[in-house]
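As a plain string of letters, each chain reads:
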Amino acid sequence: MKRLKLRLFIVILAIAFFGTGYWSCKSLNQAVGENKIIIAEGTQPIVAPVYVAFAKGYFKNEGITVELASFPTGKLCLDALLGGKADFATVAETPIMHASFKNQPMHIITTILRSRENTFAVARKDNGIKNVSDLKGKVIGVPLGTNAEYALSAFLGKHGISTGDTKLINLSPPEMIGPLMRGDLAAIAGWQPHIGRGEKSLGSNAIRFQFDEVYEETYNIVASTEMVQQKKDVSVKVLKALDRAIAYMSENPTDSIRIVSERIGMENNELEQLWPIYHFSLGLRRSLVDLLTAQGEWAIKSGYQNEKIPNMQNLISGDALRTIKPEAVELP
Amino acid sequence: MLKIRQSIFHVGRMLAHFIIVVCLWTFICHFSGINAALLPTPAQVGNALVELCRGGILLNDVSWSVRRAGFGLIIGGTTGLLMGLLTGRIKSLNWLFTPVFNGFRAMPPVAIVPLVVVWAGLGEPAKVFITSWAAFFPVWLNTHAGVTSVDKVLIWAARSLGAKGVRLLFAITLPASLPQILIGFRLAISSVLICVVVAEMTGAYIGLGYRLNSAYLVFRVDRMLACLVVLALLGILSDRLFVKMTNRVFPWIRLTHESR
């Protein structure tokens, strides 16, 4: 009798456990599939058009219900998209480039930001660093595999130095500041606002190395192939909302900064100082394909990828953007 | 003759397990509908493993990770053993330290890594501190439990024969709590292997954790799985080595790989 009761208890527990799991998955899939669009966003100032469109109700005006899923990095946003947990993702070009080597079902439907000043390097003068050549043999903190490493590599290459002449330590941008201040690192390379905070922490001991001559960063909206091919109208609506948001940001920078500041928890005055380096606009330029190709070649040379470089033009889908802003699409 | 037959049976069983896992994995890859880039086949993982072996990359990574784990096990394990003996035998130290250790024990090592990086920097001391932290608690807890569960009759008997202090410790307490202490060390081995990977994900340029993390950043799931396979093998090998060594040094405590 005791054994029977125990077996019955185990069976009930198993049903409850798996039933809960099944029900949770079902609820989640319903949330993703029905009447709701999930945009995976990377919690940075450069996601501003998405935040402003959301806050001002532009997505609602287009008849779509949007849920913003926040992630600390664009790479995680792309993971969410490729894992089927998001419909759109905001991401820089480098994670897209890496994913393209694996023929992932995704397309860039627009760039929302270009900047030559968002990513740069900061070094400690007291490490004997006065110019670029002094970076040889030094320990540099950089998030490996990202646009920061690519830009650093391109910058050093322009000055006749290879990254092999330095020691690169893998650190995410927020993690770099402490070791830089401690002196464990001679320099760091990353993106705003973290790199700017690192520069500020060093005060007069900081020397900045700008990457503007070798690299223009892009931030993009990526959609799944299914979304692009079967639900083009949704992409069009998202782009219309973003276009309106960018127009609003241009006319109302103060309110836009306030919206972004509240969304990501960044100080208003810090954002105000950064705002001029961001150039928000919708577009699909030829230079994006060139950049993706150059990064693909760098990834192969660096040993990150070992396959033939894919045709980066296949990553771009201009159909939706051409519907609302044909002049912004340079690519076929 | 019996030993040879047992060894052949043992190797055959391991091979059978390996083949079953590979077949099941391949089946899931081909029929589950999961994105091929997110779940590479065993062959692709094997190729990634070969790729990592080229130029001694994997060997360097493994040697650095094993070094960091090894130092952590020695430092954390020794400290845990000493503290376990003290808190197990001395009431006042037990009262003082046990609640504190139990509090720290609840902190996941993943959570303390950023703090350690800020305080101790990026060098080897920081990484060894994290692995020592991981080794300390299982050894301390099991030593403490072993010492407190030593049969009082044995201690009274030894005392009645004039044993006390250090003599009592080495003659009765330590031998009686040895099985529990060894379990603590065995648990600490898997703990340090987990934590060395965590420690190497931040502020490293070499090691299995670094290799795993950089593979993740560049969408190389095949390389990630290759690193995980190596970690699993390291875990199995280190456990078997520990059991073999223990059975040789303490033959009266027969630690085993399998349940009887």
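Residue numbers here run from 1 along each chain, matching the order of that chain's written sequence. In the order they appear in the text, chains get letters beginning with A and ligands get numbers beginning with 1. A pLDDT threshold of at least 70 governs which residues receive local features in this predicted model, and a stricter bar of 80 or more applies before side-chain atom pairs are shown or counted, although totals over entire chains, interfaces and linings include all residues.

Draft legend 1. Region of the structure containing the overall build of chain B. In this description a helix means any DSSP run of H or I spanning at least four residues, a strand means any run of E spanning at least two, and both kinds are numbered starting from the N terminus. In terms of helices and strands, chain B carries ten helices and zero strands. For chain B, the succession of helices and strands along the chain, N to C, is α-α-α-α-α-α-α-α-α-α. Considered along the principal axes of its C-alpha atoms, chain B spans approximately 70 × 60 × 35 Å. The long-range fraction of contacts in chain B, counting pairs at least 24 apart against all pairs at least 6 apart in sequence, stands at 73%. Residues are defined as contacting one another if the C-beta atoms placed from their backbone atoms lie within 7 Å.

Draft legend 2. Seen up close, the overall build of chain A. Secondary structure assignment for chain A yields 14 helices and eleven strands. With C-beta atoms placed from the backbone, a residue counts as buried when 20 or more other C-beta atoms lie within 10 Å of its own, as exposed when 12 or fewer do, and as partly exposed for counts between those limits. Burial status across chain A gives 46% buried among its 332 residues. When contacts within chain A are restricted to residue pairs at least 6 apart in sequence, those whose partners lie at least 24 apart make up 77%.

Draft legend 3. Main features of the interface of chain A and chain B. Of the residues lining the interface, 25 residues belong to chain A; the matching set on chain B comes to 19 residues. Of all elements in the fold, only α4 (74–82), α5 (93–100), β7 (167–170) and α7 (173–182) of chain A reach the threshold of two or more residues within the side of chain A that touches chain B. Charged means Asp, Glu, Lys or Arg here, nonpolar means Ala, Val, Leu, Ile, Met, Phe, Trp, Tyr, Cys or Pro, and polar covers whatever is left, Gly included. Among the residues forming the side of chain A that touches chain B, the class breakdown is ten nonpolar, nine polar and six charged.

Draft legend 4. Quick peek at the sheet that holds strand β4 (residues 106–115) of chain A. Residues and elements named next belong to chain A. Taken together, the six strands give an open sheet; going across it, the order is β2-β1-β3-β10-β4-β11, and neighbouring strands pair in mixed fashion. Unpaired on one side and paired on the other, β2 (65–70) and β11 (279–283) mark the two borders of the sheet. In this sheet, neighbouring strand axes are inclined to one another by 25 degrees on average, regardless of whether the strands run parallel or antiparallel. When DSSP locates at least two bridges between a pair of strands, those strands are taken to pair. Pairing of strand β1 (residues 36–41) with β2 involves six bridges; the strand directions are parallel. Across the sheet, residue Ala-40 finds its bridge partner in β2, namely Ala-69. Note on definitions: angles span 0 to 180 degrees between N-to-C directions of axes, and those axes are lines fitted to C-alpha atoms, for helices only across the stretch in contact.

Draft legend 5. Representation of the confidence of the model for chain B in the model. Each residue carries a pLDDT value, the predictor's own confidence for that position, ranging from 0 to 100. For chain B, per-residue confidence averages 90 on the pLDDT scale, and 98% of positions sit at 70 or higher. Two numbers describe this predicted complex: its pTM, 0.85, and its ipTM, 0.79.

Draft legend 6. Quick look at the domain arrangement of chain B. Domain annotation for chain B reports domain 1 (1–34) and domain 2 (42–249). An automatic or database domain assignment provides the domain bounds reported here. Computed from C-alpha atoms alone, the centre-to-centre distance between domain 1 of chain B and domain 2 of chain B is 29 Å.

Draft legend 7. Spotlight on the domain arrangement of chain A. Residues and elements named next belong to chain A. Looking at chain A, the domain boundaries give domain 1 (34–115 + 217–328) and domain 2 (119–210). Averaged C-alpha coordinates put domain 1 and domain 2 at centres separated by 27 Å. Taken together, the twelve residues of domain 1 in the interface contact eight residues of domain 2. Counting only elements with at least two residues in the side of domain 1 that touches domain 2, the list comes to α5, α12 (268–274) and α13 (286–301). The element best represented in the side of domain 1 that touches domain 2 is α5, accounting for three residues. Of the residues in the side of domain 1 that touches domain 2, the class split is six nonpolar, three polar and three charged.

Draft legend 8. Spotlight on the confidence of the model for chain A. Residue and element names in this part refer to chain A. The predicted model of chain A averages 92 in pLDDT, with 94% of residues at 70 or higher. Confidence, read as mean pLDDT per element, is least for helix α1 (residues 2–33) in chain A (66) and greatest for helix α2 (residues 48–55) (98). Here residues 27–33 is a poorly scored stretch, pLDDT under 50, and it has three contacts once near neighbours within four places are set aside; other chains count.

Draft legend 9. Highlighting the nonpolar core. Each nonpolar core reported here comprises buried Ala, Val, Leu, Ile, Met, Phe, Trp, Tyr and Cys residues connected via C-beta atoms within 7 Å. Core analysis: the largest hydrophobic core is formed by 140 residues, its most contacted members being Leu81(A), Ala89(A), Ala187(A), Ile188(A), Val222(A), Ile130(B) and Val192(B). Here the element with the most residues in this core is helix α6 (residues 124–148) of chain B; it accounts for twelve residues. Once residues within four sequence positions are removed from consideration, Ala89(A) is found in contact with Ala40(A), Cys77(A), Leu78(A), Ala80(A), Leu81(A) and Val222(A).

Draft legend 10. Geometry of the packing of helix α3 (residues 57–89) of chain B against α6(B). Residues and elements named next belong to chain B. Interhelical geometry of α3 versus α6 gives an angle of 30 degrees and a closest axis separation of 6 Å. With respect to the hand of their crossing, α3 and α6 are arranged in right-handed fashion. Each residue belonging to the contact of α3 with α6 can be placed in one class, and the counts come to 16 nonpolar, 13 polar and three charged. Should the near helix be turned anticlockwise from the far one by less than a right angle, the crossing is left-handed, and should it be turned clockwise, the crossing is right-handed.

Draft legend 11. Summary view of helix α9 (residues 208–217) of chain B. Of all ten residues in α9(B), nine are buried; the element is thus mostly enclosed. Listed as buried for α9(B) are Leu208(B), Gly209(B), Tyr210(B), Arg211(B), Leu212(B), Asn213(B), Ser214(B), Ala215(B) and Leu217(B). Buried residues along α9(B) sit against α4 and β7 of chain A together with α3, α8 (165–200) and α10 (221–249) of chain B. Taken from the residues just after α9(B), Phe219(B) is the one with a positive phi, measuring 60 degrees.

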